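# Analysis of the macromolecular model
Each chain, written out:
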Amino acid sequence: MSNLTEAVDKNKIPKHVAVIMDGNGRWAKERGQNRLDGHAMGVDSVRATLKAARELGISYLTLYAFSTENWSRPKDEVDGLMDLLVQSITNEIDELNENGVRLLAIGDIDGLPEKCSHSLKQAIIETAKNDEISLILALNYSSKWEITKAIKSIASDIKSNLIDVDQISGELISSYLATKGIPDPELLIRTSGEHRLSNFLLWQIAYAEFYFTDVHWPDFGREQFIQALIDFQRRERRFGKVSEQIIAD
Ligand code: IPE
Ligand code: IPE
Ligand code: MG
């Protein structure tokens, strides 16, 4: 075990870590390469981060892989990303099963090209029984899409007399989101220096700790992930209370 891994407090492992994987394009540009080369390299970072998360006992790892806004990118890049998605899922499925990784997806999956939604749904079925860690891919995802959809479903269920207006609570709203049944992330990591959320998990990260690093996603791996975790573990999460109350607990 490396010194860095030993520095992790095994009693303070978050259940759920979410990551905005950013900087593939800049990583490629800095090397005079095509943006798609950066995305391809990013797959190795996914593998390394997933392995570290699994070994540390994290139960859920959510990765923002494609936002609803990303459709606005040049067609070549969007097509390349979709091909990379299918290719990665196909290549990784055996390893996911060997390592007990359950694949899940949040986002408008039916809005993806058929070949993507098909391989994704297949991989979700084939890994459904795994219980070491859940890897949640946010694909064709945006928080405003998710919340809008939830509000429509709640309104429709009220209209059909399935629920009453007075039953609307934070808990009920959570149960209408794509992340239903999944605990909220305690830690949100964004790579590559931008300090924004880009329409990611707005409801679920109400009390998450944020960790920003300048490292581009293709340069992110086990060491950077553990550093984020150690930083998270040093923080005092007060949830509105004062420090003395937290210490007394
Ligand atoms: C993140 O890297 C991957 C996706 C959004 C799909 P970017 O492609 O956003 O990389 P930068 O931000 O342009 O460097
Ligand atoms: C956010 O990254 C989406 C993903 C990581 C998939 P972007 O690079 O698309 O975010 P913005 O547009 O710069 O905020
Ligand atoms: Mg970006």
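The sections below set out a description of the structure shown in this document.

On to a negative patch on the surface, then. On the surface, a cluster of negative charge is made up of D94, E95, E98 and E126. For the negative patch, the element with the most residues is helix α4 (residues 75-98), which contributes three residues. By the element assignment, E98 lies in helix α4.

The subject of this paragraph is the site of ligand 2. Near ligand 2 you find I20, M21, D22, Y64, A65, F66, S67, N70, R73, R190, R196 and S198, and these make up its full shell. The side chain of N70 places a nitrogen or oxygen atom 2.9 Å from an oxygen atom of ligand 2. One of the side-chain nitrogen or oxygen atoms of R196 is found 2.6 Å away from an oxygen atom of ligand 2. When isolated, ligand 2 has an accessible area of 390 Å², and the protein chains bury 79% of it. Structurally, ligand 2 is housed in the largest pocket. With four residues, strand β2 (residues 60-67) is the largest single contributor of residues to the shell around ligand 2.

Further remarks concern the packing of aromatic side chains. Tallied over the entire structure, the rule returns seven aromatic pairs. Aromatic pair Y64 and F200: ring centres 4.2 Å apart, planes at 10 degrees, arrangement stacked. Taken together, the positions of Y64 in strand β2 and F200 in the loop between β5 (187-190) and β6 (209-212) put the pair 136 residues apart, joining distant regions of the chain. With relative accessibility at 7%, the residue Y64 sits in the buried group. What makes F200 buried here is its relative accessible area of 0%. By way of ring pairs, the aromatic residues Y64, Y141 and F200 are connected into one cluster.

Turning our attention to the environment of S142. Within the fold, S142 resides in the loop between β4 (133-141) and α6 (143-159). Residues S142 and L177, spaced 35 residues apart in sequence, show a C-alpha to C-alpha distance of 11 Å. Ignoring any residue separated from it by four or fewer positions in sequence, one finds S142 in contact with Y64, T68, E69 and N199. A distance of 3.3 Å separates the side chain of S142 from the side chain of T68, its partner in a polar contact.

With 17 residues, α6 should reach 24 Å at 1.5 Å per residue; the first-to-last C-alpha distance of 24 Å fits that figure. Turning to α6, its buried residues are S143, E146, A150, I154 and D157. Along the long axis of α6, the arc covered by the buried residues comes to 70 degrees, so they all point the same way. Looking at α6, the residues exposed on the side facing more than 90 degrees away from the buried face are K144, I151, K152 and K159. Directly after α6, the chain includes N161, whose backbone phi takes a positive value near 60 degrees.

We now examine the packing of helix α3 (residues 35-56) against α4. At a minimum axis distance of 10 Å, the contact between α3 and α4 shows a crossing angle of 30 degrees. Considering their axes alone, α3 and α4 lie roughly parallel with respect to each other. Viewed along their axes, α3 and α4 form a crossing whose handedness is right-handed. Contacts between α3 and α4 involve R35, L36, H39, A40, V43, R47 and L50 from the first element and D76, E77, G80, L81, L84, S88, E92 and L96 from the second.

Moving on, we get to the site of ligand 1. Near ligand 1 there are 13 residues, and of these D22, G25, R26, R35 and R73 occur at the shortest range. D22 places a side-chain nitrogen or oxygen 2.8 Å from an oxygen atom of ligand 1. A distance of 2.7 Å is found between an oxygen atom of ligand 1 and a backbone nitrogen or oxygen belonging to R26. For ligand 1, whose accessible area on its own is 370 Å², the fraction buried by protein is 87%. More than half of the atoms belonging to ligand 1 lie within 2 Å of the grid points that define the largest pocket. Of all the elements in the fold, those that place two or more residues in the shell around ligand 1 are α2 (24-30), α3 and α4. Per-element accounting of the shell around ligand 1 gives the leading share, three residues, to α2. The residue inventory of the shell around ligand 1, partitioned by class, reads three nonpolar, five polar and five charged.

The rules behind these values
- Residues numbered from 1 in each chain as written.
- Chains lettered and ligands numbered in written order.
- Predicted model: local features only at pLDDT ≥ 70, side-chain atom pairs only at ≥ 80, totals over all residues.
- Heavy atoms only, no water.
- Patch = residues over 30% accessible without salt bridge, like charges linked within 9 Å, V, L, I, M, F, W, Y side chains within 5 Å.
- Areas by Shrake-Rupley, 256 points an atom, 1.4 Å probe, with all protein chains shown as cover.
- Salt bridge = Lys/Arg side-chain N within 4 Å of Asp/Glu carboxyl O.
- Lys, Arg positive; Asp, Glu negative; His and termini not counted.
- Charge placed at Lys NZ, Arg CZ, Asp CG, Glu CD.
- Helix = DSSP H or I, 4+ residues; strand = E, 2+ residues; numbered from the N terminus.
- Near = heavy atom within 4 Å.
- Polar contact = N/O pair within 3.5 Å; in protein donor to acceptor, adjacent residues only side chain to side chain.
- 1 Å grid on protein atoms, 1.4 Å probe; cavity = no way out; pocket = protein on both sides within 12 Å on 5 of 7 lines; lining within 4 Å.
- Sits in = over half its atoms within 2 Å of the grid points.
- Phe/Tyr/Trp six-rings, centres within 6.5 Å; stacked < 30°, edge-to-face > 60°.
- Buried < 20%, exposed > 50% of the residue type's maximum accessible area, 1.4 Å probe, protein only.
- Contact = heavy atoms within 4.5 Å.
- Expected span 1.5 Å × (residues − 1).
- Arc of directions from axis to C-beta.
- Axes fitted to C-alpha atoms, helices over the stretch in contact; angles between N-to-C directions.
- Parallel < 35°, antiparallel > 145°, perpendicular 65-115°, else oblique.
- Left-handed = near helix turned anticlockwise from the far one by under 90°.
- Nonpolar A, V, L, I, M, F, W, Y, C, P; charged D, E, K, R; others polar.

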